[in-house]
Amino acid sequence: GAVVSQHPSWVICKSGTSVKIECRSLDFQATTMFWYRQFPKQSLMLMATSNEGSKATYEQGVEKDKFLINHASLTLSTLTVTSAHPEDSSFYICSARPSAKNIQYFGAGTRLSVL
Amino acid sequence: GIQVEQSPPDLILQEGANSTLRCNFSDSVNNLQWFHQNPWGQLINLFYIPSGTKQNGRLSATTVATERYSLLYISSSQTTDSGVYFCAVGLTGGGNKLTFGTGTQLKVEL
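Residues numbered from 1 in each chain as written. Chains lettered and ligands numbered in written order. Predicted model: local features only at pLDDT ≥ 70, side-chain atom pairs only at ≥ 80, totals over all residues. Heavy atoms only, no water.

Asks: Looking at this structure, how should I read the interface of chain A and chain B?
Replies: Size of an interface, as often reported, equals the accessible area lost when the parts are brought together. The interface is formed by 20 residues belonging to chain A together with 17 residues belonging to chain B. For the pair chain A and chain B, the summed buried surface comes to about 1,500 Å²; carbon and sulfur atoms form 48% of the total. Area buried by chain A at its contact with chain B is led by Asn102, Gln104 and Phe106 of chain A, which between them contribute 33% of it. Seen at the junction of chain A and chain B, the total is one salt bridge. (Contact = heavy atoms within 4.5 Å. Buried area = accessible area lost by both parts, 1.4 Å probe. Salt bridge = Lys/Arg side-chain N within 4 Å of Asp/Glu carboxyl O.)

Asks: Help me out: how do you make sense of the sheet that holds strand S3 (residues 19-25) of chain B in this one?
Replies: The strands making up a sheet are joined through hydrogen bonds of the backbone, oriented either antiparallel or parallel. Residues and elements named next belong to chain B. In spatial order, the strands read S1-S3-S8-S7-S6; together these five strands make up an open sheet with antiparallel pairing. Sheet topology places strand S1 (4-7) and strand S6 (52-56) at the edges, where each strand pairs with a single neighbour. The mean angle between the axes of side-by-side strands here comes to 15 degrees, regardless of whether they run parallel or antiparallel. Direction of pairing for S1 relative to S3: antiparallel, over a ladder of four bridges. Counted as the bridge partner of Ser7 is Arg22 from S3. (Pairing = 2+ DSSP bridges. Helix = DSSP H or I, 4+ residues; strand = E, 2+ residues; numbered from the N terminus. Axes fitted to C-alpha atoms, helices over the stretch in contact; angles between N-to-C directions.)

Asks: Looking at this structure, I do not really get the state of the cysteines. What am I missing?
Replies: Where two cysteines share a covalent bond between their sulfur atoms, that bond is called a disulfide. The final tally for this structure, using the stated rule, is two disulfides over all chains. With its sulfur 2.0 Å from that of its partner, Cys23 of chain A forms a disulfide with Cys94 of chain A. Between Cys23 of chain A and Cys94 of chain A, the S-S torsion sits near 80 degrees, and that sign places the bridge as right-handed. You can see Cys23 of chain A sitting in strand S3 (residues 19-25) and its partner Cys94 of chain A sitting in strand S9 (residues 90-98), a full 71 residues away along the chain. The residues Cys23 of chain A and Cys94 of chain A share a single accessibility class, namely buried. There is a disulfide in this structure between Cys23 of chain B and Cys87 of chain B, and the S-S distance comes to 2.0 Å. Linking Cys23 of chain B and Cys87 of chain B, the disulfide has an S-S dihedral of approximately 75 degrees and is accordingly described as right-handed. With Cys23 of chain B in strand S3 and Cys87 of chain B in strand S9 (residues 83-91), this residue pair connects regions lying 64 residues apart in the sequence. (Disulfide = S-S within 2.5 Å. Buried < 20%, exposed > 50% of the residue type's maximum accessible area, 1.4 Å probe, protein only.)

Laid out in structure tokens, this is it:
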């Protein structure tokens, strides 16, 4: 149980284009989903908290107009990197928290390379 | 914000050896999770342990919340244990957010 699917696992795009990443909880409902970014040899940094049916809460320093988050259902959240640039290249990981539980389960991550 | 420090930062073991990884945090927490990040980047849940002791096979963990630290024990290590181990904590009253530690890079050699 508690499986989180993230898609795509790897994406290469040209500078200036937008990329959408999906995060799905497959066998539970997730009131809250989270988006993290990890640069090589570093720890995970929380970018934003996504609550179903409401606007995402972004961490300090994260541009909300660049990283658009939509959490339209209890099993799906999406992260869109708009007008991507090479400095946005990173490993993006989502997590989901089952309702009434205090545990986060993580997707397999998406490696984004912007050329 | 809360500080989460892990030690050691790097660790090399011979297969079969035991090890202890430490996670220190600077504030009161109501959530603590240990993860293993494999070479492909997948985070694998090891323990949810905001307090007390748990065991799962060759792994066990202890959190002493009043003293603000947690320990992860790996016994009879195997090469498949290699990877990065993270602890992550949730601040009491912090809205379910997790702050990740600095990580321990473990390599188990034959």
